[in-house]
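Take a look at the letters that make up each chain.
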Amino acid sequence: MIGPTSQNIDLGDCVIHCLESGNSAGTPVVLLHGMKFQAATWQELGTLDLLASLGLSVLAIDMPGYGQSPACECEPAEVLHRLVAQRGLERVVVIGPSMGGRIALEFGMRHPEQLAGLILVGAVGVMENRDGLAGITVPTLIVWGAADQVSPLAHCDILCDEIEHATKEIFPDAPHPCYLAQPDRWHASLRTYFTNLAA
């Protein structure tokens, strides 16, 4: 196990900062972030170390205009598409909370061939992307805080209904960033998801 290491990835008209950790031969996992957070949030929370300990190849990225990535004109889902292609990855598991959930959904709908799995946490943009949800067919974990005041709990049910292989987990009394409020439960959920994915 190595990392995390910090690096910048040149995508042509975008430069993306990321933190990389884990086993380079393991299943690739891309961590996105919410509007108020960045790649470093996953390191501080211990999620990077947890995923690396499971033998995964982990990449936590700062989206353009966040963290250490300068802003660029490229659409977020296209940034993710270019990143996966530039790294020579065939299929990735994408973890997206809140704003990152919208990006993950749009990436998965536009580039299903690059998606191996999906974990959404209090995702926003559900209604705007509802028509394309049935096109997502990979194992999907949907995590929500029961006290989420940003993204309605009803959107969790919509995702579960529309995505074929979706399961949900509701964190009791947790706010919108439920993974920050209940990190032990969050990490247990990740461990279960990736154990089942590898089975």
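All figures in this text were calculated on a predicted structure; none of them were measured in a lab.

K.L.:
Looking at this structure, how should I read the packing of aromatic side chains?
P.N.:
Where two aromatic rings form a pair, the distance of their centres and the angle of their planes describe that pair. Applying the stated rule across the entire model yields four aromatic pairs. Ring plane angle 50° and centroid distance 5.9 Å describe the contact between Tyr 179 and Trp 186, whose orientation is recorded as tilted. We note that Tyr 179, like Trp 186, is buried. An angle of 90° between the planes, with centres 5.1 Å apart, marks the rings of Tyr 193 and Phe 194 as edge-to-face. Three or more aromatic residues joined by ring pairs form one cluster here, namely Trp 42, Tyr 179 and Trp 186.

K.L.:
Whenever I open this one, helix H4 (residues 99–110) confuses me. Can you help?
P.N.:
Because each turn of an α-helix spans 3.6 residues, side chains separated by three or four positions in sequence point in the same direction. In a regular helix each residue adds 1.5 Å, so twelve residues correspond to 16 Å; H4 covers 17 Å between its end C-alpha atoms and thus fits that length. Most of H4 is tucked away, with nine of its twelve residues classed as buried. Tucked into the core, H4 has its buried residues touching helix H3 (76–86), strand S5 (92–97), strand S6 (115–121) and helix H5 (153–162).

K.L.:
Quick question: what am I supposed to make of the pairing of S5 here?
P.N.:
Remark: a regular strand shows side chains that alternate across the two faces of the sheet. Most of S5 sits out of view: six of its six residues are buried. Burial along S5 is two-sided: the residues Val 92, Val 94 and Gly 96 and Val 93, Ile 95 and Pro 97 are all buried. Sheet topology places strand S3 (residues 28–31) next to S5; three bridges connect them, and they run parallel. Each bridged residue has a counterpart across the sheet, and for Leu 31 the counterpart in S5 is Ile 95. Where S5 meets S6, six bridges bridge the pair, whose relative direction is parallel. From the neighbouring strand, Pro 97 faces S6, where its bridge partner is Val 121. With H4 bridging S5 and its parallel neighbour S6, the resulting β-α-β unit is right-handed.

K.L.:
Help me understand the state of the cysteines in this model?
P.N.:
What we call a disulfide is simply a covalent bond connecting the sulfur atoms of a pair of cysteines. In the structure shown here, the tally under the stated rule is one disulfide. Covalent S-S linkage joins Cys 14 and Cys 72, the inter-sulfur distance amounting to 1.8 Å. Across the S-S bond of Cys 14 and Cys 72 the torsion is about 75°, and the bridge reads as right-handed. With Cys 14 in the loop between strand S1 (2–10) and strand S2 (15–22) and Cys 72 in the loop between strand S4 (57–61) and H3, this pair connects stretches of sequence that are 58 residues apart. What makes Cys 14 buried here is its relative accessible area of 2%.

Calculation rules
- Once a new chain begins, its residue numbering starts again from 1 and follows that chain's sequence as written.
- Local features in this predicted model are restricted to residues of pLDDT 70 or higher, and side-chain atom pairs are both shown and tallied only at a pLDDT of 80 or more, whereas totals for entire chains, interfaces and linings draw on every residue.
- Each side-chain value is derived from all of the structure's non-hydrogen atoms; neither hydrogens nor water enter the calculation.
- For Phe, Tyr and Trp, rings pair up if their centres lie within 6.5 Å, where Trp contributes its six-membered ring, and each pair is then called stacked (planes under 30 degrees apart), edge-to-face (over 60) or tilted (otherwise).
- Each residue's exposure class comes from its accessible area (1.4 Å probe, protein chains only) as a fraction of the maximum for that residue type: buried when under 20%, exposed when over 50%, partly exposed otherwise.
- The way it works is that DSSP assigns letters per residue, a run of H or I at least four long becomes a helix, a run of E at least two long becomes a strand, and they are numbered from the N terminus.
- What a helix is expected to span follows from its residue count: subtract one and scale by 1.5 Å.
- For this analysis, residues touch if any pair of their heavy atoms sits within 4.5 Å.
- If DSSP finds at least two bridges between two strands, the strands pair.
- Every crossover in which the path from the first strand over the helix to the second runs clockwise, viewed with the strands pointing away from the viewer, is termed right-handed.
- In what follows, a disulfide is any cysteine sulfur pair within 2.5 Å.

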